[in-house]
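Listed below, chain by chain, are the residues.
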Amino acid sequence: MNAFFLKNIRHYFNFPGLSLPGTHHSGLYFDEKMAAIKRTFSVEVADYLERYPQTKHIDVYLNDINGIMRGKRLSVDNMLSLENGCYFPLSVYSMDQKGKIAAPLHDEPDRLCVPVAGSLRPSLHDPQHSAQILLTMKDSNGESCPFEPRVILQNVLERFHQHGLFPVIAPEVEFYLTGNGALDPQNQGCFQMDTSTAHAALFDELEQLAQSQHISLTGIVAEAESGQFELNLRHSHRVVETCDNVLALRRLTRFVAEKNGLQASFMAKPFSLLSGSGLHFHFSLNNIHGENVFASPAEELNGMMRLCIAGQLALMPVSIAILAPGVNGFRRLRKNLTEPLFNSWGYNTRSAALRIPCSDEGNRRIEYRLAGADANPYLVVATILTGMLYGLENIDEQDLPEPQHDEPVLPLFQQHAIEAFSGNQYLIDSLGEAFSQQWIACKLSELEGFERIVTEQELTLA
């Protein structure tokens, strides 16, 4: 497969889109979409209330740019009226992790938000009496909101679909359990099976609740550090829904830990002397027939896979601003102040940012290991996929460096990462100009606030 073929991939993998040409921006098209949402939602509500007849409340929410749930509680009487949508301020997507407006918009208008089909679930805190549902925001013209991370991922996926390619992903989310001896050295050991009785009960409850929330949790693995674990989700071509589930699983894990007198931490680097926690994604690409286009013999990567790796390496330095959304994430990404922890690619090596795991030919895939556990999964996946597109659209196959050689130089501090991101128009265009400028403003504001803090360590040196 030659480079010309791959760099002109659109002509060979062209797949008709599902939008309606000529009516996409019309009011008629928006009315048709709303009518379809109402029909689907009415059936979903009726089915839910039949299973949970004692429901009194419904929590409606959006996921902000940091992946934090922002919403409000409504009475069950308002559940059916949600088919018409409800309103949240656009400034939801300008909030920092503490819920403060970090980058004020020119105005803070309310925007219509409509239910995401299939997201109606029982609430964790009181499943018999409370429901919850995810919303998606519409722009002033009825189109999807360009600031919403979920929409940004949908837009990137659409570019793959136009090529006749369909990403498949599987997340791995690392976290620490702390409190009540959770870091007891006796619990230490990667793949340790003999967890404490308390941990075993916690994980049993976590698995049961994940099933009730329709989250495809396939495994819970003990990591090398004491009290550190990893949550595995099933491979899926339903990429956006999988990212929904990553955020839902983080909330669910915190909830179950708190019930058991513990805390679940998804910080990227919660302990100075212990390993950080990552949000890893396994990626492959299917064609229109459901065949893995990465399929190739071990250590003989085909052209498609080589180009995707080359593109991810090329955009890796400018992607760090998304993959490490705060100062803490950079503590995980570097060995010291001048050397990154991992930034190359390789076969079956966990010291590489891009790892080619052991697998048979049909399951060949890439594991992307740079993102911190606290990162927004929608934005992480959109950024990783953008790197793959960059390779397919712009790089010659022979330009892929050999494993562990010619590693890209990565920014090791947030200020440098933001500067690198702001200078790369390809990634900015892929994520959206409006969102990218908002993200930069928010992260600079957060960084400025962090830099103003005088630490106890500084006081001891005065």
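Caption draft 1: Looking closely at helix H10 (residues 414–422). Listing the buried residues of H10 in full gives Gln414, Ala417, Ile418 and Phe421. For H10, the arc enclosing every buried residue in end-on projection is 100 degrees, short of the 170-degree limit, so these residues lie on one face. On its buried face, H10 is in contact with helix H7 (303–323), helix H8 (327–333), helix H11 (425–431) and helix H12 (433–451).

Caption draft 2: Highlighting the pattern of salt bridges. Applying the stated criterion across every chain, the model contains 13 salt bridges. Notably, a salt bridge pairs Asp47 with Arg51, separated by 3.3 Å at the nearest N-O pair. Remark: Arg51 and Asp47 occur in helix H3 (residues 27–51); sequence separation between them is four residues, near one turn of the helix. Taking the relative accessible area as the measure of exposure, Asp47 reaches 38% and is therefore partly exposed. Residue classification places Arg51 among the partly exposed residues on the basis of a relative accessible area of 44%. The salt bridge involving Arg369 is made with Glu367; its shortest N-O contact spans 3.0 Å.

Caption draft 3: Here's a closer look at the pairing of strand E8 (residues 217–222). Bridging between E8 and strand E9 (residues 228–233) involves five bridges; their strand directions are antiparallel. Opposite Gly219, over in E9, you have Asn232 as the bridge partner.

Caption draft 4: Inspection of the pairing of strand E3 (residues 86–89) at higher detail. Burial of the side chains of E3 is restricted to one face: Cys86 and Phe88 are buried, whereas none of Tyr87 and Pro89 on the reverse face is. Taken together, the four bridges between E3 and strand E4 (residues 110–115) define a ladder with antiparallel strand orientation. Residue pairing across strands places Tyr87 opposite Leu112, the latter belonging to E4.

Caption draft 5: Fine view of the confidence of the model for the protein. With 85% of its residues at a pLDDT of at least 70, the protein reaches an overall mean of 87. Of all secondary-structure elements in the protein, the lowest mean pLDDT belongs to helix H2 (residues 9–12), at 42, while H11 reaches the highest, 98. Confidence over residues 1–6 falls short of pLDDT 50; this stretch has 15 contacts with residues more than four positions distant or in other chains. In this model residues 10–28 is a low-confidence stretch, pLDDT under 50, and it forms 24 contacts with partners more than four residues away in sequence or in other chains.

Caption draft 6: Just the environment of Ser75, in detail. Relative to the helices and strands, Ser75 is located in strand E2 (residues 69–75). Take Ser75: its relative accessible area is 31%, and that puts it in the partly exposed class. If sequence neighbours within four positions are ignored, Ser75 has contacts with Lys56, His57 and Ile58.

Parameters at a glance
- Residues numbered from 1 in each chain as written.
- Predicted model: local features only at pLDDT ≥ 70, side-chain atom pairs only at ≥ 80, totals over all residues.
- Heavy atoms only, no water.
- Buried < 20%, exposed > 50% of the residue type's maximum accessible area, 1.4 Å probe, protein only.
- Helix = DSSP H or I, 4+ residues; strand = E, 2+ residues; numbered from the N terminus.
- Arc of directions from axis to C-beta.
- Contact = heavy atoms within 4.5 Å.
- Salt bridge = Lys/Arg side-chain N within 4 Å of Asp/Glu carboxyl O.
- Pairing = 2+ DSSP bridges.
- pLDDT = per-residue confidence, 0-100.

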